[in-house]
Amino acid sequence: MDPAAPGTVKGLISRHGFWIKKSLGQNFLVDGNIVRKIVTATDPLPGETVVEIGPGLGALTRLLAERAKQVIAVEIDGALFPVLGETLAGLDNVTLVEQDALKTDFNRLVHEISGGENKKYKVAANLPYYITTPLLMHLLEERFSISTIVVMVQEEVARRLTAAPGSGEYGAVTVATNFYAQTRMLFRVPRPVFIPRPEVDSAVVRLEVRDTPAVSVADEQHFFTLVRAAFQQRRKTLLNALSGVDEHLSRGKWLDIFRHADIDPGRRGETLDLQEFARLANVFSSVLTEEPD
Ligand code: SAM
């Protein structure tokens, strides 16, 4: 059975008396071509584990399982399990887990299910739009043993994840994701390939997780504090945006920090690349750890 065929989806939903929950971002893919493109982008190798987040009716799950060693699918909605039982029938390398992906310790889950292997795994997901950013940050910040993440997200979010410094879409989320991973927008996905149709277009993004962050920072918390402050009021100069970050640092001290980091305090945060944010954060960290006179 092809769970991505429009007729199949309608049949499954009515036969199982399943109610589509908008609140869980349930828009099911009904286009075999897009399903194949996502699975090809994930590139599951025969010896690999793929974690799928939000399998829904199993559109991606089936094809992933045909190529990977095993698929662990984390789905929050238990009402989908009888449907998945039908669409995934005959596959013995899929484990369904009823859980909230935002609260999942993925290394632990993979370790428990794959019996002690510590290998890297891949993640594939057609994500509900409302959890995209928190989920990506959860996957990256926890430094799970993930090699690649292939996600379908709202097109606007895809543009933000892959934006270049200086563009309107470049923001704190761009810096944060690119700190941990190399991001690439792969292709757009139009609304009609889902049941029900979402209100926005989507796009698929691939994140290649880095072994070490893109830039070396003395204190990650300081780095992210400055990044967030720099983008909170985008129109402000960096000097104005950052001078409220620490009440003990005067404007004069901030001017020293900018000088040491070789960054013009009159620039706006949205023009800084990762290296420049790292330079600024490292001088900031060294000033904070200086012994008081
Ligand atoms: N993968 C399927 C497809 O492409 O047709 C379904 C995608 S649908 C956009 C998102 C899926 O994520 C739904 O099945 C929904 O129930 C599930 N979901 C929503 N929030 C979740 C969460 N916090 N943890 C795990 N799954 C979640």
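As a reminder, the structure under discussion sits directly above these lines.
In this text, all values refer to a predicted model and were calculated from it rather than measured experimentally.

(A) Just the packing of helix 8 (residues 172–180) against helix 9 (residues 220–232), in detail. Packing of helix 8 against helix 9 brings their axes to within 9 Å, and their N-to-C directions diverge by 150 degrees. Between helix 8 and helix 9, the angle is such that the two are roughly antiparallel. For the pair formed by helix 8 and helix 9, the contact residues are Ala172, Val175, Ala176, Phe179 and Tyr180 on the first element and Glu220, Phe223, Phe224, Val227 and Phe231 on the second. Looking at the contact of helix 8 with helix 9, its residues break down into 9 nonpolar, no polar and 1 charged.

(B) Representation of the site of the ligand. Contacts to the ligand come from 22 residues, most closely from Leu29, Gly54, Glu75, Asp100 and Asn126. A distance of 2.9 Å is found between a nitrogen atom of the ligand and a backbone nitrogen or oxygen belonging to Ala101. Within the contact set of the ligand, a nitrogen atom lies 3.4 Å away from a side-chain nitrogen or oxygen of Tyr130. For the ligand, whose accessible area on its own is 600 Å², the fraction buried by protein is 98%. The pocket occupied by the ligand, as judged from atoms lying within 2 Å of grid points, is the largest pocket. Contributing elements (two or more residues each) for the shell around the ligand: strand 1 (28–29) and strand 3 (70–75). Classifying every residue of the shell around the ligand by side-chain character gives 11 nonpolar, 7 polar and 4 charged.

(C) Looking closely at the packing of helix 11 (residues 251–261) against helix 12 (residues 274–288). Running from amino to carboxyl end, helix 11 crosses helix 12 at an angle of 130 degrees, the nearest separation of the two axes being 9 Å. Regarding the angle of helix 11 to helix 12, the classification is oblique. Note that helix 11 runs across helix 12; the crossing there is right-handed. Within the contact between the two elements, helix 11 uses Lys253, Trp254, Ile257, Phe258, His260 and Ala261 and helix 12 uses Arg279, Leu280, Val283, Phe284 and Val287. Considered class by class, the residues forming the contact of helix 11 with helix 12 number 8 nonpolar, 1 polar and 2 charged.

(D) Just the environment of Leu226, in detail. Checked against the element boundaries, Leu226 lands in helix 9. Here the alpha-carbon distance between Leu226 and Phe277, two residues 51 residues apart in the chain, equals 7.7 Å.

(E) Structural context of the sheet that holds strand 5 (residues 121–126). Read across the open sheet, the 7 strands follow the order 4-3-2-5-6-9-7; overall the sheet is mixed. Edge positions in the sheet fall to strand 4 (94–98) and strand 7 (181–189), since each of these pairs with one other strand and no more. Across the sheet, the mean angle separating the axes of adjacent strands is 20 degrees when strand polarity is ignored. As defined by bridge partners, strand 2 (residues 49–53) adjoins strand 3 across 5 bridges and the pair is classed as parallel. Within the sheet, the bridge partner assigned to Thr49 lies in strand 3 and is Gln70.

(F) Highlighting unusual backbone geometry. At the junction of Ile195 and Pro196, the peptide bond is cis and its omega measures out at -15 degrees in the coordinates. In this fold, Pro196 is placed in the loop between strand 8 (194–195) and strand 9 (202–209). Unusually for a residue other than glycine, Asp43 sits at a positive phi of about 50 degrees. Checked against the element boundaries, Asp43 lands in the loop between helix 2 (32–42) and strand 2. A positive phi angle, close to 50 degrees, is found at Arg143, a residue other than glycine. Along the polypeptide, Arg143 turns up in the loop between helix 6 (132–141) and strand 6 (146–154). Overall, the relative accessible area of 42% leaves Arg143 in the partly exposed class.

Procedures and definitions
Residues numbered from 1 in each chain as written. Predicted model: local features only at pLDDT ≥ 70, side-chain atom pairs only at ≥ 80, totals over all residues. Heavy atoms only, no water. Axes fitted to C-alpha atoms, helices over the stretch in contact; angles between N-to-C directions. Helix = DSSP H or I, 4+ residues; strand = E, 2+ residues; numbered from the N terminus. Parallel < 35°, antiparallel > 145°, perpendicular 65-115°, else oblique. Contact = heavy atoms within 4.5 Å. Nonpolar A, V, L, I, M, F, W, Y, C, P; charged D, E, K, R; others polar. Near = heavy atom within 4 Å. Polar contact = N/O pair within 3.5 Å; in protein donor to acceptor, adjacent residues only side chain to side chain. Areas by Shrake-Rupley, 256 points an atom, 1.4 Å probe, with all protein chains shown as cover. 1 Å grid on protein atoms, 1.4 Å probe; cavity = no way out; pocket = protein on both sides within 12 Å on 5 of 7 lines; lining within 4 Å. Sits in = over half its atoms within 2 Å of the grid points. Left-handed = near helix turned anticlockwise from the far one by under 90°. Pairing = 2+ DSSP bridges. Buried < 20%, exposed > 50% of the residue type's maximum accessible area, 1.4 Å probe, protein only.

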